[in-house]
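# Structure assessment
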Amino acid sequence: RRMIEQLPTGMAVVAMQQKTREVVAFTRGNLGVAVQASCAIEGNLAPVQIRGHAYVDPDLGTPMPVRVALALGAQYVLAVDVSAHETKAPTGSERYRTGNLRKRALTEPEAKAATFTLHPEFSYYVSLSQEFRERAIHAGYTQTMARATQLKAAFPRG
């Protein structure tokens, strides 16, 4: 089992305490358990118990925790915004508009605080399927490569 504090590069895994809705950055402890908590999408995956508290995906509190990283001392932050591209919403998706706008209100200030933000487009509707995950990975890779020159310029080597 890998411990967060033993990783060669400092890392924080962000999750939300289910009961209090408090966003927590785990910088110590079992890496696998922390990642599971961070990915525990409410309604889809069971909350993860850590030290007597249930933790879930922090999407409702901070879907892109750039300011958390900065508060922990990060000098540069590459953010990946996985929210929908609202302007490209297909017909029939109107009922999701409120949720999309709520998420945009949360991600926009975080994106502005980041050194650089990628916002790949991998379709309006998301799922947990293998096919969707592969499509999302490909979209992220494609956008990263398309913006590689800008990325290199944004992050000084040292």
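A short tour of the structure in this document, coming up. (Residues numbered from 1 in each chain as written. Predicted model: local features only at pLDDT ≥ 70, side-chain atom pairs only at ≥ 80, totals over all residues. Heavy atoms only, no water.)

## Observations regarding the packing of aromatic side chains
Across all of its chains, the model carries two aromatic pairs by this definition. Measuring from centroid to centroid gives 5.1 Å for F26 and Y55, while their planes differ by 75 degrees, and the two rings are edge-to-face. With F26 in strand β2 (residues 23–26) and Y55 in strand β4 (residues 53–56), this pair connects stretches of sequence that are 29 residues apart. Y55 carries the same exposure label as F26, and that label is buried. Note on Y76 and F155: the rings are 6.2 Å apart at their centroids and 70 degrees apart in plane angle, and the pair reads as edge-to-face. Within this pair, whereas Y76 is found in the loop between α2 (66–71) and β5 (78–80), its partner F155 is found in the segment after α5 (148–154), the two being separated by 79 residues in sequence. For F155, a relative accessible area of 22% corresponds to the partly exposed category. (Phe/Tyr/Trp six-rings, centres within 6.5 Å; stacked < 30°, edge-to-face > 60°. Helix = DSSP H or I, 4+ residues; strand = E, 2+ residues; numbered from the N terminus. Buried < 20%, exposed > 50% of the residue type's maximum accessible area, 1.4 Å probe, protein only.)

## What about the nonpolar core?
The biggest cluster of nonpolar side chains holds 13 residues, and the ones touching the most others in it are I4, F26, A37, I50 and Y55. Of all the secondary structure elements, the ones that give two or more residues to this core are β1 (13–17), β2, α1 (31–38) and β3 (48–50). Looking at this core, the element that brings in the most residues is α1, giving three residues. If we ignore the near neighbours within four places in the chain, the residues touching Y55 are A15, M16, Q17, Q18, V24, F26, A37, A40, P47, V48 and I50. Among the nonpolar cores identified, the runner-up in size contains five residues, and M64, V77, A79 and A114 belong to it. (Core = buried A, V, L, I, M, F, W, Y, C linked by side-chain atoms within 4.5 Å. Contact = heavy atoms within 4.5 Å.)

## Points about the side chain of H119
Assignment of secondary structure puts H119 in the loop between β6 (116–118) and α4 (130–146). Note on H119: relative accessible area 19%, which makes it buried.

## Let's talk about the pairing of β1
Regular strands show a simple pattern: their side chains alternate between the two faces of the sheet. With five of its five residues buried, β1 lies for the most part within the structure. Burial along β1 is two-sided: V13, A15 and Q17 facing one way and V14 and M16 facing the other are all buried. Two successive antiparallel strands, β1 and β2, enclose a turn made up of five residues, where R21 displays a positive phi of approximately 70 degrees. (Pairing = 2+ DSSP bridges.)

## Observations concerning unusual backbone geometry
For R21, which is not glycine, the phi torsion reads 70 degrees and is therefore positive. Tracing the backbone through its elements, the reader meets R21 in the loop between β1 and β2. A relative accessible area of 34% places R21 in the partly exposed class. Located in the positive-phi region is R51, a residue other than glycine, with phi close to 45 degrees. With respect to the helices and strands, R51 occurs in the loop between β3 and β4. Take R51: its relative accessible area is 67%, and that puts it in the exposed class.

## A word on a nonpolar patch on the surface
A cluster of nonpolar side chains, contributed by I41, L45 and L128, occupies part of the molecular surface with about 240 Å² of accessible area. Within the fold, L45 resides in the loop between α1 and β3. In this structure L45 comes out as partly exposed when scored by relative accessible area, which is 40%. (Patch = residues over 30% accessible without salt bridge, like charges linked within 9 Å, V, L, I, M, F, W, Y side chains within 5 Å. Areas by Shrake-Rupley, 256 points an atom, 1.4 Å probe, with all protein chains shown as cover. Salt bridge = Lys/Arg side-chain N within 4 Å of Asp/Glu carboxyl O.)

## Structural notes on the sheet that holds β3
Taken together, four strands build an open sheet; the order of strands is β2-β1-β4-β3 and the sheet is antiparallel. Each edge of the sheet is formed by a strand with only one pairing partner; in this case those strands are β2 and β3. Taken pair by pair, the neighbouring strands of this sheet meet at an average axis angle of 50 degrees, ignoring direction. Here β3 pairs with β4 via three bridges, running antiparallel. By the bridge assignment for β4, Q49 is matched with A54. Along the sheet face, α1 touches β1, β2, β3 and β4 and points at about 55 degrees away from the line of β1. (Axes fitted to C-alpha atoms, helices over the stretch in contact; angles between N-to-C directions.)

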